[in-house]
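# Results of the structural survey
Listed here are the chains, written in short residue letters.
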Amino acid sequence: MRFDVFSIFPQYLAPLELSLIGKARKDGLLELNVHELREFTTDKHRSVDDTPYGGGAGMVMKPEPWAQALESIIDTAAETKPTLIVPSPAGEVFNQALAYELAEQEHLVFACGRYEGIDERVLEWAEEHFTVRPISLGDYVLNGGEVAVLAMVEAIGRLLPGVVGNPESLVEESHADGLLEYPVYTKPSTWRERDVPDVLLSGNHAKIAKYRKEQSLRRTSARRPELIEQMDATNLSKAERNTLWELGYAVVDHKVARRAAPGSTPTQD
Ligand code: J9Q
């Protein structure tokens, strides 16, 4: 897979040289190019922004440098259009399902906006050459797209074959099954008068799996109740249905619905 990132602060992307993604780059598992947007300006002051038509606060990124930049990486020999990801608080929200979808693509291009955003005509024009995807990291405000791109490249890059050494660690984590991860413990078995739950020392693997699933359900109910209602209830065990009932949910057909009276909130214990 090939990644191209355009930014006026390419140093923001320096962490991608490190750790898992840096190693994958060195190993040739992915190609990552970071481009300085100002290199694609033609004026003396290398300007990338200007005041918004219609007035209002802040500045808008000019279209010309973006068109030059994006044209520079169009591969006329490519069989498919690259995907152009535009980090924006006005985009669809990034999640694990989107990470899996984007990890299937041959070529991802990231356009990091700053200020109030990029002139809308760039995104319209880009549709001719790219599949354009405005994407938000979540409902909060950043100063620009760079930090969102760091998160997305890591989330997507680690799904590529060979990037994560042990592929089992891809499935046994939060969001892989739509629930939050169960709590984890390591040695010592007693620490500051707190014991690791007995069942985890029992060696009974069926019992441990059942305990962990119940902990995942309780934690998800307490912290992310909307994920419980999005669960596929097709393959729930009797014990899991009982836990959900105790937490204020009912399993009807293949769906989970809130059972408790309106206004009441399910709790962890
Ligand atoms: C580019 N606030 O915020 C949340 N996800 C993306 C963003 C964002 C921002 C400003 C510029 C992206």
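Notes on the structure follow. Worth saying up front: this structure is predicted, and the values here are computed from it rather than measured.

Let us look at the overall build of the chain. Summing up its helical and strand segments, the chain has nine helices and 11 strands in all. Seen along its three principal axes, the alpha-carbon backbone of the chain occupies a region of about 70 × 45 × 45 Å. The 269 residues of the chain split such that 39% are buried. A sequence separation of at least 24 residues applies to 69% of the contacts in the chain between residues at least 6 apart.

With that out of the way, let us pick up a nonpolar patch on the surface. Taken together, the side chains of Phe9, Tyr12, Tyr140, Leu142 and Val147 define a hydrophobic patch exposed on the protein surface, amounting to about 430 Å² of accessible area. Inspection of the secondary structure puts Leu142 in the loop between strand E7 (131-136) and helix H5 (146-157).

The environment of the ligand is made up of Pro87, Ser88, Pro89, Ser136, Leu137, Gly138, Tyr140, Val141, Leu142, Gly144 and Gly145. At 3.4 Å, a backbone N or O of Tyr140 approaches an oxygen atom of the ligand. Between the ligand and the protein, one listed contact pairs a nitrogen atom with a backbone N or O atom of Leu142 at 2.9 Å. Here the ligand loses 94% of its free accessible area of 310 Å² to cover by the protein chains. Sorting elements by how many residues they give to the shell around the ligand places strand E5 (residues 83-93) first, with three residues. Class assignment of the residues belonging to the shell around the ligand gives a composition of six nonpolar, five polar and no charged.

Attention shifts here to H5. An ideal rise of 1.5 Å per residue puts 16 Å on 12 residues; H5 measures up with 16 Å between its terminal C-alpha atoms. Within H5, the full set of buried residues consists of Glu146, Ala148, Val149, Leu150, Met152, Val153, Ala155, Ile156 and Gly157. Structurally, H5 contributes buried residues whose contacts are with strand E1 (2-7), helix H1 (19-26), E5, helix H3 (96-102), strand E6 (107-111) and E7.

Before going further, it helps to examine unusual backbone geometry. Glycine aside, residues mostly have negative phi angles, and peptide bonds mostly take the trans form. Cis geometry is found at the peptide bond from Lys187 to Pro188, where omega equals 5°. Summarising the element assignment, Pro188 is placed in the loop between helix H6 (168-171) and strand E8 (190-191). With phi around 55°, Ser19 is a residue other than glycine that occupies positive phi space. Locating Ser19 in the fold gives a position in helix H1. The exposure class assigned to Ser19 is exposed, which follows from its relative accessible area of 64%.

Where burial is concerned, most of E6 is hidden: five out of the five residues are buried. Every second residue of E6 is oriented toward a common face, with His107, Val109 and Ala111 on one face and Leu108 and Phe110 on the other, all of them buried. Pairing geometry for E1 and E6, over five bridges, is parallel. Bridging from a neighbouring strand, Phe3 pairs with Leu108 of E6.

Reading the values: the criteria
Residues numbered from 1 in each chain as written. Predicted model: local features only at pLDDT ≥ 70, side-chain atom pairs only at ≥ 80, totals over all residues. Heavy atoms only, no water. Helix = DSSP H or I, 4+ residues; strand = E, 2+ residues; numbered from the N terminus. Buried < 20%, exposed > 50% of the residue type's maximum accessible area, 1.4 Å probe, protein only. Contact = heavy atoms within 4.5 Å. Patch = residues over 30% accessible without salt bridge, like charges linked within 9 Å, V, L, I, M, F, W, Y side chains within 5 Å. Areas by Shrake-Rupley, 256 points an atom, 1.4 Å probe, with all protein chains shown as cover. Salt bridge = Lys/Arg side-chain N within 4 Å of Asp/Glu carboxyl O. Near = heavy atom within 4 Å. Polar contact = N/O pair within 3.5 Å; in protein donor to acceptor, adjacent residues only side chain to side chain. Nonpolar A, V, L, I, M, F, W, Y, C, P; charged D, E, K, R; others polar. Expected span 1.5 Å × (residues − 1). Pairing = 2+ DSSP bridges.

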